[in-house]
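Analysis of the macromolecular model
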Amino acid sequence: MVTEAEVASQVREWFHGAWDPELSLIEWRERLVDSGWAVPSWSARWHGRDLPAWADRVAHQTIKDEGGVATPLGGGMGLAAPTIYDHGSDDVKARFLRPTLTGELLWCQLFSEPVAGSDLAGLKTTAVLDGEEWIVNGQKVWNTSAHHADYGILVARTDWDAVKHAGLSYFLVAMDQPGIEVRPIRQMNEHSSFNEVFLTDARIPMANMVGEPGEGWKVARGTLAHERRFGGRSSKTTRDDVSGRVISEARAEADEHNKTYVWYPQRQGRIDLLRPRAERMGRTDDAVVRQEMMKVTAFHRAAELTSERAKAARELGRPPGSEGSIGKLALSEIARACNATHSAIAGAQGMLSAHPEPGSDPDHATVAEVLISTPAQSIAGGTDEIQHNILGENILGLPKEPSVDRGVPFKDVGR
Ligand SMILES: Cc1cc2nc3c(=O)[nH]c(=O)nc-3n(C[C@H](O)[C@H](O)[C@H](O)COP(=O)(O)OP(=O)(O)OC[C@H]3O[C@@H](n4cnc5c(N)ncnc54)[C@H](O)[C@@H]3O)c2cc1C
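This report concerns the structure included in the present document. (Residues numbered from 1 in each chain as written. Predicted model: local features only at pLDDT ≥ 70, side-chain atom pairs only at ≥ 80, totals over all residues. Heavy atoms only, no water.)

**Description of the overall build of the chain**
To be explicit about the condition: Secondary structure is summarised from DSSP: a helix means a run of H or I of at least four residues, a strand means a run of E of at least two, and numbering begins at the N terminus for each. The globule rule is 2.2 Å times the number of residues to the power 0.38, and the radius of gyration it is compared with is taken over C-alpha atoms. For the exposure calls, accessible area comes from a 1.4 Å probe over protein chains only, and a residue counts as buried if that area is under 20% of its type's maximum, exposed if over 50%, partly exposed in between. A contact between two residues is defined here by any heavy atoms of the two lying within 4.5 Å. Each accessible area is a Shrake-Rupley result for a 1.4 Å probe, and residues are judged covered by the shown protein chains and nothing else.
Per the secondary structure count, the chain includes 13 helices and eight strands. Whereas a compact globule of 415 residues would reach a radius of gyration of roughly 22 Å, the chain reaches 23 Å, a difference of no more than 12%. Its C-alpha atoms give the chain principal-axis dimensions of about 70 × 60 × 45 Å. Looking at the chain residue by residue over its 415 residues, the buried ones come to 46%. Restricting the contact set of the chain to residue pairs at least 6 apart, pairs at least 24 apart contribute 72%. Here the chain displays about 20500 Å² of accessible surface, and carbon together with sulfur accounts for 54% of that area.

Quick look at the structure:
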């Protein structure tokens, strides 16, 4: 069995033969994809090298450490590409994988609807087959990056006579068409990272379905499993001390991507700012502040270790346990505890605007953003209550939640 050190050494050797900083970013990534090191865990037939899952991380890190650029940041690599790889037909894989790995196609996720978030399978956006095309009508919401995506991964209802989960299908929809209107949503932290998306007779070629009609729920669950793993991505694609055309185009691409996610570190609570802020604001001898800082730090360390353990199990190919839900809940708890501790440190100043007076504490605006961004942590990717339900059923063996729509054709479900 190949070791991490052997993979890193093979990547280094390939990289030094292939790297040319004066290529365009796309040309460089074409080379990367052809080499099989873009996603080495995939099969050799689809741009990979049939290596274990951990090889992706080792290859990316090695390329970055050597001063190069790997695959793009964002939902294309995190959600669309692995779903297409797992469930797409050969035709869909052939048309969509390569341009996603090179960064030519940007993606968004069109799942949630105004009354179908936690209850995603209750969605009502409908696709009807008309000749060689599906015609789609409905509304999606909270769609991150939909304002600059080329394609969306979309779940829509294709059979209202089937029971709830069985009537859904999964599509790849071109965003640049007259039937799609994207309206940005302004958030309370002043950012605008997500959107409402209205679909009015939007068209999708038959060949852009992933899986078979009625398999949408199975495919969507695959995407959601990838989404839970996707949380810890880095915001950088290159080393700081390198230059060249590939590098500058990769930095511009990452800057554009990061504009959407600039507040994401704040939504996690910015535990790193607790101690420097407490020191600068003279709060380190306050007994309550000291207790709260240590409580959240201890919890954060324990959560990190749980997440490392889950990662190690995954890389050994073990089936996922409940660590995803536990990790998601831990992040919410940490964000809330950081929020409360930052408030205890800042006192009334924490309520001041995110545009502080010149000369005030350098992290004041960041902490003000923490205080209004942490609620998102316990909603995105499945709310705390939903994680509690999953853990209650999986770990405590509690009965399934009561439901009014089980076994009933979706069109007959009372609403
Ligand atoms: C930062 C961010 C980015 C997002 N990006 C995307 C995206 O790109 N694409 C996309 O499609 N969606 C996206 N979402 C939407 C996200 O998936 C939903 O917000 C989430 O699934 C919750 O759904 P909801 O907002 O409709 O809340 P609801 O489902 O309406 O929930 C409202 C409240 O009721 C509780 N609740 C609901 N059902 C139960 C139950 N059975 N038991 C107990 N309590 C319950 C919930 O916990 C919550 O407190 C994003 C959300 C956020 C915050």
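**Things to note about helix α1 (residues 4–18)**
Rules: Expected helix span is computed as 1.5 Å times (number of residues minus one). Picture the helix axis, draw a direction to every C-beta atom, and the arc is the one those directions span.
Between its first and last C-alpha, α1 extends 21 Å over 15 residues, near the 21 Å set by a 1.5 Å rise per residue. All buried positions along α1 are accounted for by Val7, Ala8, Val11, Trp14, Phe15 and Ala18. On an axial view of α1, the arc spanned by its buried residues comes to 130 degrees, and they lie on one face. For α1, the exposed residues lying more than 90 degrees away from the buried face are Ala5, Glu13, His16 and Gly17. Of the surrounding secondary structure, the elements contacted by the buried residues of α1 are α2 (25–35) and α3 (54–65).

Note that all results are geometric; they support no functional claim without further evidence.
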